[in-house]
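Commentary on secondary and tertiary structure
Now for the letters of each chain:
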Amino acid sequence: RIVYVNGRYVPYAQAAVHAEDRGFQFGDGIYEVCEVRGGRLIDEARHMQRLARSLGELEIAAPMSAAALGHVMREVIRRNRVKDGLVYLQVTRGAAPREFLFPADTEPTVVCLARPMASAGLDARALEGIAVKSMPDIRWQRCDIKTVMLLPACLAKEAARQDGAREAWFIDADGFVTEGASSNAWIVDAGGAVITRQLSSAILPGVTRATLRDVLEGEGITLTERPFRLDEAYSAREAFITSATQTVMPVVRIDGRPIADGKPGPVAQRLRLNFHQIAA
Ligand code: PDD
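On a predicted model such as this, the values are computed, not experimentally measured, just so you know. Starting from 1, residues in each chain are numbered consecutively following that chain's sequence as written. Owing to the predicted nature of the model, reporting of local features is limited to residues with pLDDT of at least 70; listing and counting of side-chain atom pairs is limited to 80 or more, with chain, interface and lining totals taken over all residues. Only hydrogens and water are removed before side-chain values are computed, so all heavy atoms of the structure are retained for them.

Only rings of Phe, Tyr and Trp enter the pairing, Trp through its six-membered ring, and a pair is recorded when the two centres are within 6.5 Å. The plane angle decides the type: under 30 degrees is stacked, over 60 is edge-to-face, the rest tilted. Under the defined criterion, the tally for this structure stands at five aromatic pairs. Ring geometry for Y4 and Y9: centres 5.2 Å apart, planes at 65 degrees, overall edge-to-face. Ring centres of W169 and F228 lie 6.0 Å apart, and the angle between their planes is 65 degrees; this geometry places the pair in the edge-to-face category. Of this pair, W169 sits in strand β8 (residues 167–171) while F228 sits in the loop between β12 (223–225) and α7 (230–234), placing them 59 residues apart in sequence. When its relative accessible area of 0% is taken as the criterion, W169 is described as buried. Whether a charge lies above a ring is judged from NZ of Lys or CZ of Arg, which has to be within 6 Å of the ring centre and within 35 degrees of the ring normal. Against the face of F176 rests R229, its NZ or CZ located 4.2 Å from the ring centre. Starting at the N terminus, helices and strands are each numbered in turn, a helix being any DSSP run of H or I of at least four residues and a strand any DSSP run of E of at least two. Only protein chains enter the calculation, and the probe is 1.4 Å; a residue is then buried if its accessible area is under 20% of its type maximum, exposed if over 50%, and partly exposed in between.

Time to look at the sheet that holds strand β2 (residues 8–11). Spatial ordering of the open sheet is given by β2-β1-β6-β5-β3-β4, a layout of six strands whose pairing is antiparallel. Both outer strands of the open sheet, β2 and β4 (40–41), are each paired with one neighbouring strand and no more. Only when DSSP finds a minimum of two bridges between them are two strands counted as paired. Sheet topology places strand β3 (residues 29–37) next to β4; two bridges connect them, and they run antiparallel. Pairing of R37 across the sheet is with R40, part of β4. Contact between two residues is taken to exist if any of their heavy atoms lie within 4.5 Å; hydrogens are not considered. Whenever a helix is involved, its axis is fitted only over the stretch in contact; in every case the axis is a line through C-alpha atoms, and angles between N-to-C directions fall within 0 to 180 degrees. Against the sheet, helix α3 (residues 66–79) touches β1 (2–5), β2, β3, β4, β5 (85–92) and β6 (109–116), its axis set at about 40 degrees to β6.

A few words now on unusual backbone geometry. Although it is not a glycine, R81 sits at a positive phi angle of roughly 50 degrees. With respect to the secondary-structure elements, R81 resides in the loop between α3 and β5.

Now for the site of the ligand. A cutoff of 4 Å decides nearness: a residue is near a molecule or strand if any of its heavy atoms lies inside that distance of it. Around the ligand sit 19 residues in total, of which Y31, E179, V207, T208 and A244 are the nearest. What qualifies as a polar contact is a pair of N or O atoms within 3.5 Å, subject to a donor-acceptor requirement within protein and to the restriction that residues adjacent in sequence count only when both atoms come from side chains. For the ligand, an oxygen atom lies 2.8 Å from a polar atom in the side chain of R50. The fraction of the free accessible surface of the ligand (480 Å²) that becomes covered by protein chains is 90%. Those elements giving two or more residues to the shell around the ligand turn out to be β3, β9 (177–180), α6 (207–219) and β13 (238–243). Residues were grouped as follows: Ala, Val, Leu, Ile, Met, Phe, Trp, Tyr, Cys and Pro as nonpolar; Asp, Glu, Lys and Arg as charged; and all remaining residues, including Gly, as polar. Within the shell around the ligand, the residues separate by chemical class into six nonpolar, nine polar and four charged. There are two domains that each give the shell around the ligand at least three residues, and those are domain 1 (2–116) and domain 2 (124–278). Method for areas: the Shrake-Rupley scheme with a 1.4 Å probe, in which residue coverage is limited to the protein chains shown. Where each domain starts and ends follows an automatic or database-derived domain assignment.

With that out of the way, let us pick up a nonpolar patch on the surface. Patches in this entry comprise residues that are over 30% relatively accessible and not in a salt bridge; like charges within 9 Å are linked, as are nonpolar side chains (Val, Leu, Ile, Met, Phe, Trp, Tyr) within 5 Å. A pair is scored as a salt bridge if a Lys or Arg side-chain nitrogen falls within 4 Å of a carboxyl oxygen belonging to Asp or Glu. Nonpolar side chains collect at one region of the surface, where I138, L151 and L155 lie side by side and expose about 320 Å² of accessible area between them. Relative to the elements of secondary structure, I138 occurs in the loop between β7 (130–136) and α5 (151–162). Here I138 falls in the exposed class, since its relative accessible area comes to 55%.

With that settled, the discussion passes to the nonpolar core. Definition used in this section: a nonpolar core is a set of buried Ala, Val, Leu, Ile, Met, Phe, Trp, Tyr and Cys residues joined via side-chain atoms within 4.5 Å. Core analysis: the largest hydrophobic core is formed by 23 residues, its most contacted members being I30, L41, M73, V87, L89 and C112. Per-element tally for this core: the top contributor is α3, with five residues. If sequence neighbours within four positions are ignored, C112 has contacts with V3, Y4, V72, M73, V76, V87, Y88 and L89. Within the second largest apolar cluster, 20 residues are counted, among which are I130, W169, I195 and I254.

Moving on to α6. A helix is expected to span 1.5 Å for every residue after the first. The end-to-end C-alpha distance of α6, which contains 13 residues, comes to 19 Å, matching closely the 18 Å that a straight helix rising 1.5 Å per residue would cover. Here α6 has its buried residues at V207, T208, R209, T211, L212, V215 and L216. Looking one or two places after α6, you find G220, whose phi comes out positive at around 70 degrees.

Here R53 lies in helix α2 (residues 44–58). When the C-alpha positions of R53 and K146 are compared, they lie 9.2 Å apart, and in sequence the two are 93 residues distant. Once you skip the residues sitting within four places of it in the chain, R53 turns out to touch R142 and D144.

One ladder, built from four bridges, connects β1 with β2; its direction is antiparallel. Looking at the pairing, Y4 lines up with Y9 of β2. Taking the residues that link successive antiparallel strands as the turn, the β1-β2 hairpin has two residues, and the phi of N6 there is positive, at about 45 degrees.

Time to look at the packing of α2 against α3. Where α2 meets α3, the axes come as close as 11 Å, and the angle between the chain directions of the two elements is 120 degrees. Classed by the angle they form, the pair α2 and α3 counts as oblique. When you trace α2 past α3, the crossing you get is right-handed. Together, E44, M48 and L51 of α2 and A66, L69, G70, M73 and R74 of α3 make up the contact between the two elements. Tallied by class, the residues present in the contact of α2 with α3 amount to five nonpolar, one polar and two charged. Note on terminology: angles under 35 degrees are roughly parallel, angles over 145 are roughly antiparallel, angles of 65 to 115 are roughly perpendicular, and the others are oblique. Two helices crossing with the near one rotated counterclockwise from the far one by less than a right angle form a left-handed crossing, whereas a clockwise rotation gives a right-handed crossing.

Structure below.
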(Lines give C-alpha, C1' and ligand atoms only; values in the text may rest on other atoms or scores of the structure.)
Protein backbone atom coordinates (compact mmCIF):
# COMPACT_ATOMS: atom_id res chain seq x y z
CA ARG A 1 0.00 0.00 0.00
CA ILE A 2 1.06 3.55 -0.78
CA VAL A 3 0.27 6.59 1.35
CA TYR A 4 0.65 10.27 0.45
CA VAL A 5 2.50 12.23 3.17
CA ASN A 6 3.53 15.86 2.62
CA GLY A 7 4.25 15.71 -1.08
CA ARG A 8 5.55 12.12 -1.24
CA TYR A 9 3.99 8.77 -2.08
CA VAL A 10 5.56 6.37 0.41
CA PRO A 11 5.12 2.69 1.39
CA TYR A 12 2.58 2.16 4.19
CA ALA A 13 5.22 1.13 6.77
CA GLN A 14 7.13 4.37 6.21
CA ALA A 15 4.12 6.70 6.20
CA ALA A 16 4.91 8.83 9.28
CA VAL A 17 4.45 12.41 10.49
CA HIS A 18 6.48 14.36 13.06
CA ALA A 19 6.16 13.60 16.82
CA GLU A 20 5.22 17.24 17.41
CA ASP A 21 2.49 17.34 14.80
CA ARG A 22 -0.39 19.40 16.18
CA GLY A 23 -2.88 16.87 14.92
CA PHE A 24 -1.24 14.35 17.23
CA GLN A 25 -0.81 16.69 20.24
CA PHE A 26 -3.98 18.81 20.07
CA GLY A 27 -6.35 17.22 17.56
CA ASP A 28 -5.58 20.41 15.62
CA GLY A 29 -6.56 19.24 12.18
CA ILE A 30 -9.42 18.33 9.90
CA TYR A 31 -10.26 15.46 7.57
CA GLU A 32 -12.53 14.14 4.87
CA VAL A 33 -13.62 10.61 4.05
CA CYS A 34 -14.84 10.09 0.47
CA GLU A 35 -16.40 7.02 -1.05
CA VAL A 36 -14.70 5.42 -4.06
CA ARG A 37 -16.91 3.47 -6.43
CA GLY A 38 -15.73 1.85 -9.62
CA GLY A 39 -12.42 3.66 -9.07
CA ARG A 40 -14.17 7.05 -9.04
CA LEU A 41 -14.49 9.58 -6.21
CA ILE A 42 -18.10 10.20 -5.15
CA ASP A 43 -19.23 13.76 -4.39
CA GLU A 44 -15.71 15.20 -4.70
CA ALA A 45 -16.87 18.81 -5.10
CA ARG A 46 -18.95 18.74 -1.91
CA HIS A 47 -16.13 17.12 0.05
CA MET A 48 -13.67 19.75 -1.18
CA GLN A 49 -16.07 22.55 -0.26
CA ARG A 50 -16.49 21.18 3.26
CA LEU A 51 -12.73 20.68 3.65
CA ALA A 52 -12.12 24.30 2.66
CA ARG A 53 -14.74 25.45 5.17
CA SER A 54 -13.25 23.33 7.99
CA LEU A 55 -9.79 24.76 7.25
CA GLY A 56 -11.17 28.29 7.21
CA GLU A 57 -13.00 27.89 10.54
CA LEU A 58 -9.73 26.77 12.17
CA GLU A 59 -7.60 29.31 10.31
CA ILE A 60 -5.39 26.60 8.86
CA ALA A 61 -3.85 27.68 5.57
CA ALA A 62 -5.03 25.63 2.58
CA PRO A 63 -2.05 23.39 1.73
CA MET A 64 -2.91 23.44 -2.00
CA SER A 65 -5.84 24.07 -4.32
CA ALA A 66 -8.92 21.85 -4.33
CA ALA A 67 -7.88 20.66 -7.80
CA ALA A 68 -4.43 19.65 -6.51
CA LEU A 69 -5.98 17.83 -3.54
CA GLY A 70 -8.28 16.05 -5.98
CA HIS A 71 -5.24 15.00 -7.96
CA VAL A 72 -3.59 13.59 -4.81
CA MET A 73 -6.74 11.62 -3.93
CA ARG A 74 -7.00 10.16 -7.43
CA GLU A 75 -3.31 9.32 -7.46
CA VAL A 76 -3.65 7.47 -4.12
CA ILE A 77 -6.68 5.57 -5.49
CA ARG A 78 -4.73 4.68 -8.64
CA ARG A 79 -1.52 3.64 -6.90
CA ASN A 80 -3.47 1.39 -4.53
CA ARG A 81 -5.74 0.05 -7.30
CA VAL A 82 -8.84 0.75 -5.21
CA LYS A 83 -12.06 0.03 -7.10
CA ASP A 84 -14.63 0.21 -4.31
CA GLY A 85 -13.46 1.73 -1.04
CA LEU A 86 -12.67 5.02 0.60
CA VAL A 87 -10.14 7.82 0.58
CA TYR A 88 -9.06 9.44 3.85
CA LEU A 89 -7.59 12.93 3.57
CA GLN A 90 -6.24 14.74 6.63
CA VAL A 91 -4.79 18.22 7.00
CA THR A 92 -3.33 19.40 10.31
CA ARG A 93 -1.87 22.75 11.27
CA GLY A 94 1.55 21.10 11.07
CA ALA A 95 4.47 20.33 13.36
CA ALA A 96 5.90 22.87 15.84
CA PRO A 97 7.31 22.88 19.40
CA ARG A 98 4.33 22.25 21.69
CA GLU A 99 2.54 25.53 22.39
CA PHE A 100 -1.22 26.17 22.48
CA LEU A 101 -1.04 29.30 20.34
CA PHE A 102 -0.92 28.88 16.57
CA PRO A 103 2.69 28.71 15.38
CA ALA A 104 3.84 31.19 12.76
CA ASP A 105 5.26 29.92 9.45
CA THR A 106 4.30 26.27 9.90
CA GLU A 107 3.42 24.20 6.86
CA PRO A 108 0.22 22.14 7.16
CA THR A 109 0.67 18.36 7.28
CA VAL A 110 -1.22 16.54 4.53
CA VAL A 111 -1.88 12.80 4.62
CA CYS A 112 -3.98 10.87 2.11
CA LEU A 113 -4.66 7.15 2.03
CA ALA A 114 -7.07 4.84 0.27
CA ARG A 115 -8.38 1.44 1.12
CA PRO A 116 -10.85 -1.03 -0.34
CA MET A 117 -14.25 -1.56 1.26
CA ALA A 118 -17.13 -3.85 0.32
CA SER A 119 -19.20 -2.14 -2.36
CA ALA A 120 -22.03 -0.19 -0.76
CA GLY A 121 -25.42 -1.59 -1.64
CA LEU A 122 -24.23 -5.15 -1.96
CA ASP A 123 -22.94 -5.90 1.53
CA ALA A 124 -24.88 -8.23 3.80
CA ARG A 125 -25.10 -5.67 6.59
CA ALA A 126 -27.25 -3.38 4.48
CA LEU A 127 -29.69 -6.23 3.86
CA GLU A 128 -30.00 -6.83 7.60
CA GLY A 129 -29.76 -3.25 8.82
CA ILE A 130 -27.91 -2.20 11.96
CA ALA A 131 -28.62 -1.57 15.64
CA VAL A 132 -27.84 1.78 17.26
CA LYS A 133 -27.45 2.79 20.89
CA SER A 134 -28.28 6.25 22.22
CA MET A 135 -26.00 8.15 24.58
CA PRO A 136 -25.48 11.71 25.79
CA ASP A 137 -23.78 14.03 23.30
CA ILE A 138 -20.62 14.90 25.21
CA ARG A 139 -18.94 16.57 22.21
CA TRP A 140 -18.11 20.25 21.83
CA GLN A 141 -20.25 23.05 20.37
CA ARG A 142 -18.62 23.15 16.91
CA CYS A 143 -19.61 19.76 15.55
CA ASP A 144 -20.07 21.45 12.16
CA ILE A 145 -16.28 21.38 11.73
CA LYS A 146 -14.89 17.99 10.65
CA THR A 147 -11.95 17.89 13.06
CA VAL A 148 -9.81 14.87 13.94
CA MET A 149 -10.76 15.48 17.60
CA LEU A 150 -12.81 12.27 17.65
CA LEU A 151 -12.43 10.81 21.13
CA PRO A 152 -16.14 11.19 22.07
CA ALA A 153 -17.05 9.33 18.87
CA CYS A 154 -14.55 6.54 19.68
CA LEU A 155 -15.93 6.18 23.22
CA ALA A 156 -19.51 6.17 21.97
CA LYS A 157 -18.91 3.61 19.22
CA GLU A 158 -17.02 1.35 21.62
CA ALA A 159 -19.88 1.54 24.15
CA ALA A 160 -22.34 0.80 21.33
CA ARG A 161 -20.32 -2.22 20.24
CA GLN A 162 -20.36 -3.63 23.75
CA ASP A 163 -24.17 -3.53 23.48
CA GLY A 164 -24.17 -5.21 20.07
CA ALA A 165 -24.83 -1.94 18.20
CA ARG A 166 -22.90 -0.65 15.17
CA GLU A 167 -23.50 3.04 15.70
CA ALA A 168 -24.19 5.47 18.55
CA TRP A 169 -26.83 8.21 18.33
CA PHE A 170 -25.95 11.28 20.35
CA ILE A 171 -28.71 12.95 22.40
CA ASP A 172 -28.52 16.65 23.27
CA ALA A 173 -29.39 18.22 26.65
CA ASP A 174 -33.03 18.71 25.54
CA GLY A 175 -33.48 15.03 24.63
CA PHE A 176 -33.21 15.45 20.87
CA VAL A 177 -31.07 13.27 18.61
CA THR A 178 -28.20 15.28 17.17
CA GLU A 179 -26.53 12.73 14.85
CA GLY A 180 -24.61 9.47 14.82
CA ALA A 181 -21.02 9.21 16.08
CA SER A 182 -19.90 9.06 12.43
CA SER A 183 -23.14 9.53 10.48
CA ASN A 184 -26.25 11.67 10.20
CA ALA A 185 -29.50 10.34 11.73
CA TRP A 186 -32.85 10.06 9.95
CA ILE A 187 -36.34 8.68 10.58
CA VAL A 188 -39.45 8.16 8.45
CA ASP A 189 -42.79 9.16 10.00
CA ALA A 190 -46.18 7.46 9.71
CA GLY A 191 -47.07 9.59 6.68
CA GLY A 192 -43.90 8.54 4.82
CA ALA A 193 -42.11 11.89 5.27
CA VAL A 194 -38.40 11.79 6.00
CA ILE A 195 -37.08 13.71 9.01
CA THR A 196 -33.53 14.77 9.84
CA ARG A 197 -32.16 17.49 12.08
CA GLN A 198 -31.55 20.89 10.46
CA LEU A 199 -27.96 22.03 9.98
CA SER A 200 -26.40 23.95 12.87
CA SER A 201 -23.19 23.84 14.87
CA ALA A 202 -24.64 20.75 16.65
CA ILE A 203 -24.08 18.41 13.68
CA LEU A 204 -21.73 17.80 10.79
CA PRO A 205 -23.15 18.94 7.44
CA GLY A 206 -22.90 15.48 5.87
CA VAL A 207 -22.07 15.28 2.19
CA THR A 208 -24.25 12.16 1.93
CA ARG A 209 -27.00 14.14 3.71
CA ALA A 210 -26.74 16.93 1.12
CA THR A 211 -26.86 14.51 -1.82
CA LEU A 212 -29.71 12.55 -0.26
CA ARG A 213 -31.76 15.77 -0.19
CA ASP A 214 -31.44 15.81 -3.99
CA VAL A 215 -32.39 12.12 -4.16
CA LEU A 216 -35.49 12.77 -2.01
CA GLU A 217 -36.52 15.61 -4.26
CA GLY A 218 -36.14 13.40 -7.31
CA GLU A 219 -38.26 10.70 -5.63
CA GLY A 220 -40.93 13.20 -4.61
CA ILE A 221 -40.46 12.31 -0.92
CA THR A 222 -41.17 15.07 1.62
CA LEU A 223 -38.21 16.09 3.77
CA THR A 224 -38.71 17.85 7.09
CA GLU A 225 -35.58 19.27 8.70
CA ARG A 226 -36.22 19.42 12.44
CA PRO A 227 -34.93 17.77 15.61
CA PHE A 228 -36.62 14.55 16.78
CA ARG A 229 -36.59 12.80 20.14
CA LEU A 230 -35.76 9.20 20.92
CA ASP A 231 -39.38 8.20 21.61
CA GLU A 232 -40.32 9.47 18.16
CA ALA A 233 -37.49 7.37 16.70
CA TYR A 234 -38.51 4.28 18.69
CA SER A 235 -42.00 4.45 17.17
CA ALA A 236 -40.94 5.63 13.70
CA ARG A 237 -41.92 3.70 10.60
CA GLU A 238 -38.23 3.52 9.61
CA ALA A 239 -34.85 4.81 10.71
CA PHE A 240 -31.54 5.04 8.89
CA ILE A 241 -28.13 6.70 8.91
CA THR A 242 -26.05 8.29 6.16
CA SER A 243 -22.31 8.69 5.68
CA ALA A 244 -19.74 8.45 2.92
CA THR A 245 -18.77 4.97 4.10
CA GLN A 246 -22.29 3.59 4.62
CA THR A 247 -24.33 5.51 2.01
CA VAL A 248 -27.87 4.93 3.36
CA MET A 249 -27.84 2.26 6.08
CA PRO A 250 -31.15 1.03 7.54
CA VAL A 251 -31.44 1.09 11.35
CA VAL A 252 -33.56 -1.80 12.60
CA ARG A 253 -33.06 -1.47 16.38
CA ILE A 254 -32.52 1.50 18.71
CA ASP A 255 -31.58 0.77 22.32
CA GLY A 256 -32.70 -2.82 21.83
CA ARG A 257 -36.18 -1.86 20.58
CA PRO A 258 -37.11 -3.03 17.08
CA ILE A 259 -38.08 -0.22 14.69
CA ALA A 260 -41.45 -1.19 13.13
CA ASP A 261 -41.09 -4.90 12.27
CA GLY A 262 -37.34 -4.85 12.92
CA LYS A 263 -36.44 -5.17 9.23
CA PRO A 264 -34.96 -2.56 6.85
CA GLY A 265 -37.75 -0.31 5.63
CA PRO A 266 -38.71 0.23 1.97
CA VAL A 267 -37.86 3.96 1.93
CA ALA A 268 -34.32 3.40 3.23
CA GLN A 269 -33.77 0.53 0.81
CA ARG A 270 -35.02 2.53 -2.14
CA LEU A 271 -32.87 5.54 -1.23
CA ARG A 272 -29.87 3.28 -0.86
CA LEU A 273 -30.40 1.76 -4.29
CA ASN A 274 -31.00 5.12 -5.99
CA PHE A 275 -28.28 7.10 -4.23
CA HIS A 276 -25.53 6.53 -6.76
CA GLN A 277 -27.68 7.58 -9.69
CA ILE A 278 -27.54 11.12 -8.28
CA ALA A 279 -24.20 11.27 -6.40
CA ALA A 280 -21.61 12.62 -8.82
N1 PDD B 1 -17.87 10.41 9.24
N2 PDD B 1 -21.66 13.12 11.29
C3 PDD B 1 -20.45 12.79 11.78
C4 PDD B 1 -20.14 13.13 13.20
C5 PDD B 1 -19.50 12.16 10.94
O6 PDD B 1 -18.29 11.85 11.43
C7 PDD B 1 -19.86 11.84 9.61
C8 PDD B 1 -18.90 11.16 8.66
C9 PDD B 1 -21.14 12.20 9.15
C10 PDD B 1 -21.59 11.94 7.73
O11 PDD B 1 -20.94 12.79 6.82
P12 PDD B 1 -20.66 12.38 5.31
O13 PDD B 1 -21.99 12.01 4.73
O14 PDD B 1 -20.08 13.56 4.71
O15 PDD B 1 -19.73 11.18 5.35
C16 PDD B 1 -22.01 12.85 10.02
C17 PDD B 1 -16.86 9.79 8.40
C18 PDD B 1 -17.42 8.84 7.39
C19 PDD B 1 -15.82 9.16 9.29
O20 PDD B 1 -15.46 9.81 10.26
O21 PDD B 1 -15.35 8.05 9.01
